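Chain residues, written in single-letter form:
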Amino acid sequence: MIPHPATQQPLPDETFTLTPDASIGSTDSAVRTIAERLAAQLRRSTGFGLPVRTGAGTITLSTDGADSLGTEGYELRADSSGVTITGATAEGVFRGVTTLRQLLPAQIEAAGVQDGPWEIAGTTISDAPRYGYRGVMLDVTRHFFTVDQVKRFIELVSRYKINRLHLHLTDDQGWRIQVDSWPRLTEYGGSLQVGGGAGGAYTKADFAEIVRYAGEHYITVVPEIDTPGHTNAALASYPELTADGVAPELYTGTKVGFSSLASGKERTYEFLADVFREVAEQTSGDLVHLGGDEAHVTPHEDYLTFVPKAAQLVVDQGKRVMGWHEIADAPLPAGTIVQYWGTEDEKAQALAVKAVEQGATLVLSPANRAYLDMKYDEDTPLGLQWAGLVSVEQSYDWNPATLIPGVPATAIDGVEAPLWTETLDDLAKVEYMVFPRLPGIAELGWSPESALDWKRYRDRLAGQGPRWEALGVNYHRSAEIDWA
Ligand code: NGO
């Protein structure tokens, strides 16, 4: 099972078997839709009727209990008489259902009817996460991904108890979210992508569908509008945002650090006020990410005044600020989350310390561990290499609590695995870079430190292979894992 649960005990002599006469029960309306979706999934591979009823069933979902386990915690018991999953909230029940699916044989994930038997060795589980923020990031600007592709991505990552989807929505190569007050951002700024092919952008209806579908999987979307650098698509669309008033060409290469909003112009902040307002309106979560990375052509003094002004515009929308670790050089509003993407460099570590000193908390995305776009090894046909090679072991075998010298464990909100898409133009390539590394990052975010052990994790990871086969996931059959 991945992530490894906080505690699990076997029930010797007990075996649960899902049989054709089974039903799924939900004790209250809050978990009814979770029960219905579980039933729909299990019907496909079992061929059983699996009616959903109110009250107890063969598999019972309940929000009556497990109060001490927090919003995401749950208890699960599988024995000869049935399965019960109890959480204090529907969210906890949902996390428990992801566990149930992994307890069932891999063929349960198949699209067509399989033979079974559908057995679970008797067990009790009491589970709750180590960290509240367990994220994955998808860069939809270097290459654009459709709503349906994002939905499959969400469904796959939700199985590992990921609860944040950070969408990198704007960059030099494309602006991908509709802003009605500045329509050329998507019309023109979103028209291309890396390599020069057609790009794309989400309409408000598209984005609402992503937010809704993520919510159904108890994942909150964190939208990122990258500023003041990584803004060529915006500058090309609206020359008034540039320092000299001249629009650059659209950009379809992969260089970084060459663009900047005009930090001294009032128009820039009017623009950002509109953008953050419309983006905040489109999100249900409490975070808006304002980027802040690699503003190499913004004079540093200007950067230091830009960041607090931009941050205030996010706060004005009732949202908390998130940003890449460079923003920690500037004063930050209360409640800011700083996203660390350093390797082992002292400059990045110093900024993380500076973030914490001013009261911010950290989400850890160390590029040499958590970047899913880094090559696995020299032979990986896709991906980048600037932060080194990131093998499955390298991505798993680290401790968030002690990663950055001088940062106390209490300052860590969690972990996030970013996937940048300079070299990834379709979902099969995305899946190849995400699996099998993402489950390891998800486990670092969820499981207690005592459960983390590379050798044992390797064996558990091998068990995910048949699931990905059943789901048609294009995972990387890394030689580090004994997939047989
Ligand atoms: C950097 C850069 C991105 C690149 C990525 C590639 C951050 C935060 N900014 O990470 O623009 O796409 O590396 O690995």
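J.: Would you take a moment to explain helix H12 (residues 427-434) for this structure?
T.: In an α-helix, one turn spans 3.6 residues, which is why side chains three or four residues apart end up on the same side. Most of H12 is tucked away: 6 of the 8 residues are buried. Residues of H12 that are buried in the fold lie against helix H3 (147-158), strand S17 (412-419) and helix H13 (438-446). The residue sitting at the N-terminus of H12 and contributing the capping side-chain oxygen is Asp-426; that oxygen lies 3.1 Å from the backbone nitrogen of Ala-428.

J.: Quick question: what am I supposed to make of the site of the ligand here?
T.: By nearness alone, 14 residues border the ligand, and Arg-142, Asp-293, Tyr-371, Asp-373 and Glu-422 come closest of all. The contact in question runs from a nitrogen atom of the ligand to an N or O atom on the side chain of Glu-294, over 3.2 Å. Side-chain polar atom of Trp-386 to an oxygen atom of the ligand: 2.8 Å apart, as the coordinates give it. Here the ligand is seated within the second largest pocket. When the residues that make up the shell around the ligand are grouped by side-chain class, the tally is 8 nonpolar, 1 polar and 5 charged.

J.: Please clarify how the packing of aromatic side chains should be interpreted in this entry.
T.: Between two aromatic rings, the relevant description is the distance of the centres plus the angle of the planes. Evaluation of the coordinates by the stated rule reveals 24 aromatic pairs. An angle of 45 degrees between the planes, with centres 5.8 Å apart, marks the rings of Tyr-269 and Phe-306 as tilted. In this pair, Tyr-269 sits in helix H7 (residues 266-281) while Phe-306 sits in helix H8 (residues 300-315), placing the two residues 37 residues apart along the sequence. The buried category is assigned to Tyr-269, whose relative accessible area is 6%. Its guanidinium or amino end placed over the ring of Tyr-269, Lys-309 lies 4.0 Å from that ring's centre, counting from NZ or CZ. In this structure, Arg-437 packs its charged tip against the face of Tyr-376, placed 3.8 Å from the ring centre.

J.: Explain the domain arrangement of the chain to me, please; I cannot follow it from the model alone.
T.: Frequently, the measure chosen for interface size is the accessible area that the parts lose on association. The domain boundaries assigned to the chain delineate domain 1 (7-127) and domain 2 (133-448). Distance between the C-alpha centres of domain 1 and domain 2: 35 Å. Contacts between domain 1 and domain 2 engage 14 residues on the former and 12 residues on the latter. Together domain 1 and domain 2 conceal approximately 1,100 Å² of surface at their shared face, both sides included; 44% is due to carbon and sulfur atoms. When the buried area of domain 1 at its contact with domain 2 is split by residue, Arg-37, Phe-94 and Arg-95 rank highest and sum to 39% of it. Put simply, domain 1 and domain 2 have 4 salt bridges between them. A salt bridge links Glu-155 to Arg-101; the shortest N-O distance between them is 3.9 Å. Counting the contacts that link domain 1 with domain 2 gives 10 residue pairs in polar contact (both at pLDDT 80 or more). Elements that contribute at least two residues to the side of domain 1 that touches domain 2 include exactly helix H1 (32-46) and helix H2 (90-103). Of the residues forming the side of domain 1 that touches domain 2, the biggest block, 8 residues, is contributed by H2. Here the residues of the side of domain 1 that touches domain 2 are counted per class, giving 4 nonpolar, 3 polar and 7 charged.

J.: Looking at this model, I keep getting lost on the nonpolar core. Mind explaining?
T.: Considering soluble globular proteins, one finds that nonpolar side chains tend to be buried as a cluster. Core analysis: the biggest nonpolar cluster contains 106 residues, and Trp-175, Tyr-202, Phe-271 and Leu-362 have the highest contact counts within it. Considering each element in turn, this core owes the most residues, 7 residues, to H8. In contact with Phe-271, other than residues within four places in its own chain, are Trp-175, Trp-182, Leu-185, Ala-234, Leu-241 and Leu-261. In terms of nonpolar packing, the next biggest core, distinct from the first, is built from 32 residues, Ile-24, Ala-35, Leu-100 and Ile-108 among them.

J.: Please clarify how the sheet that holds strand S12 (residues 220-227) should be interpreted in this entry.
T.: The strands that make up a sheet are held in pairs by hydrogen bonds between backbone atoms, and each pair lies either parallel or antiparallel. The strand order S8-S9-S12-S13-S14-S15-S16-S17 describes a closed barrel built from 8 strands, whose pairing is parallel. The sheet shows a mean angle of 30 degrees between the axes of neighbouring strands, direction not considered. Where strand S9 (residues 164-168) meets S12, 5 bridges bridge the pair, whose relative direction is parallel. Paired with Leu-165 across the strands is Val-221, a residue of S12. Of the strands in this sheet, strand S8 (133-139) and S17 are in contact with H13, which crosses S17 at around 170 degrees.

J.: When you look at unusual backbone geometry in this model, what are you seeing that I'm missing?
T.: Most peptide bonds take the trans form, and the phi angle of most residues other than glycine is negative. In this structure, Pro-3 follows Ile-2 across a cis peptide bond, with omega equal to -5 degrees. With respect to the helices and strands, Pro-3 occurs in the segment before strand S1 (7-18). The backbone of Asp-13 sits at a positive phi, close to 75 degrees, despite the residue not being glycine. Positionally, Asp-13 belongs in strand S1. Although it is not a glycine, Lys-161 adopts a positive phi angle of roughly 70 degrees. The residue Lys-161 is located in the loop between H3 and S9 in this model. Of the residues examined, Lys-161 reaches a relative accessible area of 2% and is grouped as buried.

J.: Help me understand empty space enclosed by the protein in this model?
T.: Where empty space is left in the structure can be found by rolling a water-sized probe over the atoms. Under the definition given, this model contains 2 cavities of 30 Å³ or more. There is about 110 Å³ of room inside the largest cavity. Every residue lining the largest cavity is listed: Ile-34, Arg-37, Leu-38, Gln-41, Phe-94, Val-97, Thr-98, Arg-101, Glu-155, Ser-158, Arg-159 and His-217. Put simply, the parts of the chain that give the lining of the largest cavity at least two residues each are H1, H2 and H3.

J.: Is there a simple way to think about the sheet that holds strand S3 (residues 52-54) in this case?
T.: On the basis of which strands lie adjacent, the open sheet formed by 7 strands has the order S1-S7-S5-S6-S4-S2-S3 and mixed pairing. Taken across any chain shown, the strands that pair with only one partner, and hence form the sheet edges, are S1 and S3. The mean inter-strand angle of the sheet, taken between neighbouring strand axes irrespective of direction, is 20 degrees. Pairing of strand S2 (residues 24-26) with S3, which is carried by 3 bridges, proceeds in the parallel orientation. Opposite Ile-24, over in S3, you have Val-52 as the bridge partner. This element, H2, spans S1, strand S4 (59-62), strand S5 (74-79), strand S6 (82-86) and strand S7 (118-127) of the sheet and lies at about 35 degrees to S5.

How each quantity is defined
Residues numbered from 1 in each chain as written. Predicted model: local features only at pLDDT ≥ 70, side-chain atom pairs only at ≥ 80, totals over all residues. Heavy atoms only, no water. Buried < 20%, exposed > 50% of the residue type's maximum accessible area, 1.4 Å probe, protein only. Helix = DSSP H or I, 4+ residues; strand = E, 2+ residues; numbered from the N terminus. Contact = heavy atoms within 4.5 Å. Polar contact = N/O pair within 3.5 Å; in protein donor to acceptor, adjacent residues only side chain to side chain. Near = heavy atom within 4 Å. 1 Å grid on protein atoms, 1.4 Å probe; cavity = no way out; pocket = protein on both sides within 12 Å on 5 of 7 lines; lining within 4 Å. Sits in = over half its atoms within 2 Å of the grid points. Nonpolar A, V, L, I, M, F, W, Y, C, P; charged D, E, K, R; others polar. Phe/Tyr/Trp six-rings, centres within 6.5 Å; stacked < 30°, edge-to-face > 60°. Lys NZ or Arg CZ within 6 Å of the ring centre and 35° of its normal. Domains from an automatic or database assignment. Buried area = accessible area lost by both parts, 1.4 Å probe. Salt bridge = Lys/Arg side-chain N within 4 Å of Asp/Glu carboxyl O. Core = buried A, V, L, I, M, F, W, Y, C linked by side-chain atoms within 4.5 Å. Pairing = 2+ DSSP bridges. Axes fitted to C-alpha atoms, helices over the stretch in contact; angles between N-to-C directions. Points joined across faces, edges and corners; volume = space filled by probe spheres on them.

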